[in-house]
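# A closer look at the structure
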Amino acid sequence: VELAQRFGRARQKESSLTLMTERRDRPLAVLKDAKKLQDNIIKEFDPVQTQKTLMSRQQSQLDRERAAAPLLANRAKIERSPLESLNIYAAKTKAVLKTESLDQSQDGRFRCKLEYVAMSRRMDGLGVGATKKQCKHEAALCILKKLRDSDERRGH
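Now for a look at the structure at hand.

What counts, and at which threshold
- Residues numbered from 1 in each chain as written.
- Predicted model: local features only at pLDDT ≥ 70, side-chain atom pairs only at ≥ 80, totals over all residues.
- Heavy atoms only, no water.
- Helix = DSSP H or I, 4+ residues; strand = E, 2+ residues; numbered from the N terminus.
- Buried < 20%, exposed > 50% of the residue type's maximum accessible area, 1.4 Å probe, protein only.
- Core = buried A, V, L, I, M, F, W, Y, C linked by side-chain atoms within 4.5 Å.
- Expected span 1.5 Å × (residues − 1).
- Contact = heavy atoms within 4.5 Å.
- Disulfide = S-S within 2.5 Å.
- Pairing = 2+ DSSP bridges.
- Axes fitted to C-alpha atoms, helices over the stretch in contact; angles between N-to-C directions.
- Parallel < 35°, antiparallel > 145°, perpendicular 65-115°, else oblique.
- Left-handed = near helix turned anticlockwise from the far one by under 90°.
- Nonpolar A, V, L, I, M, F, W, Y, C, P; charged D, E, K, R; others polar.

## Some remarks on unusual backbone geometry
The backbone of Lys 94 sits at a positive phi, close to 55°, despite the residue not being glycine. You can see Lys 94 is positioned in the loop between helix 4 (82–92) and strand 1 (96–104). On the basis of relative accessibility, which here comes to 62%, the residue Lys 94 falls in the exposed class.

## What about the nonpolar core?
In this structure, Leu 86, Tyr 89, Leu 114, Tyr 116, Ile 143 and Leu 147 are the most contacted members of the largest nonpolar core, which totals 20 residues. Mapped onto this core, the elements with two or more residues apiece are helix 2 (47–73), helix 4, strand 2 (110–117) and helix 5 (132–154). When residues of this core are assigned to their parent elements, the largest contribution, six residues, is made by helix 5.

## Looking at helix 5
Given a rise of 1.5 Å per residue, 23 residues ought to cover 33 Å, and the 33 Å separating the end C-alpha atoms of helix 5 matches this to within 8%. Each element contacted by the buried residues of helix 5 is listed here: helix 2, helix 3 (75–80), helix 4, strand 1, strand 2 and strand 3 (122–129). Gly 155 lies just past helix 5 and shows a positive phi near 90°.

## Details of the environment of Lys 132
One can find Lys 132 in helix 5. Judged by its relative accessible area of 47%, Lys 132 falls in the partly exposed class. Considered as a pair, Lys 132 and Phe 110 are 22 residues apart in the sequence and their alpha carbons are 5.9 Å apart. Beyond its immediate sequence surroundings of up to four residues, Lys 132 is in contact with Leu 102 and Phe 110.

## Focus on the state of the cysteines
Considering all chains together, one arrives at zero disulfides under this definition. Here Cys 112 stays free of any disulfide, with the sulfur of Cys 135 as its closest cysteine sulfur at 4.5 Å.

## Digging into the sheet that holds strand 2
Two modes of strand pairing occur in sheets, parallel and antiparallel, and in both the strands are linked by backbone hydrogen bonds. Across the sheet, which stays open at both edges, the three strands sit in the order 1-2-3 with antiparallel pairing between neighbours. Here the strands that pair on one side only, and so sit at the sheet edges, are strand 1 and strand 3. Averaged over all adjacent pairs, the angle separating strand axes in this sheet is 15°, with direction ignored. In the sheet, strand 1 pairs with strand 2 via eight bridges, with the strands oriented antiparallel. Bridge pairing in strand 2 links Leu 97 to Tyr 116. Contacts between helix 4 and the sheet are confined to strand 1 and strand 2, with strand 2 contributing the most and set at about 20° to the helix. In the packing of helix 5 onto the sheet, the strands contacted are strand 1, strand 2 and strand 3, and the crossing angle to strand 3 comes to about 145°.

## A few points about the packing of helix 4 against helix 5
For the pair helix 4 and helix 5, the least separation of the axes is 8 Å and the interaxial angle reads 50°. Considering the angle they form, helix 4 stands oblique to helix 5. Regarding helix 4 and helix 5, the two cross each other, and that crossing is left-handed. In this structure, helix 4 contributes Pro 82, Leu 83, Ser 85, Leu 86 and Tyr 89 to the contact, and helix 5 contributes Lys 136, His 137, Ala 140, Leu 141, Ile 143, Leu 144, Leu 147 and Asp 151. Across the contact of helix 4 with helix 5, the residue classes tally to nine nonpolar, two polar and two charged.

## Description of the packing of helix 2 against helix 5
Contact pair helix 2 / helix 5: the axes reach a minimum separation of 11 Å and the direction vectors enclose 120°. As helix 2 runs across helix 5, the sense of the crossing is left-handed. Each of Leu 62, Glu 65, Ala 69 and Leu 72 in helix 2 lies in contact with helix 5, whose residues at this interface are Leu 144, Leu 147, Arg 148, Asp 151 and Arg 154. Class assignment for the residues of the contact of helix 2 with helix 5 results in five nonpolar, no polar and four charged.

Have a look at this one:
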């Protein structure tokens, strides 16, 4: 945002300029510094370097997923505690695990939607159960199965 409007409608006939006072929490010097910083970011932007950085981050994500793959192979632990396993896998792969919805239906059963979001992929799982814990476990199992199937297709 320009600090003063110098272009556009303000230069037309019948236009007026409103002068406002400076806010104490945002002095003009801070705004000027922010403008300089934004201009430097724009000037130094290099799409080739940005692409290299993105490729490097994607490779790092794939490496983290490859390192966490044995967790998906441990079916006994996954069956025992799917939500814990999914939380550990998400932590190892630096992914975000979100509860998208958790509702109780008319029949008294709970429905849950969990979402696993990583740089390389996004998976969601739906679960239904008599308790919140059961439906979350079902949703976690669904995501873990999708992750395992995805890894098998990738060859991990």
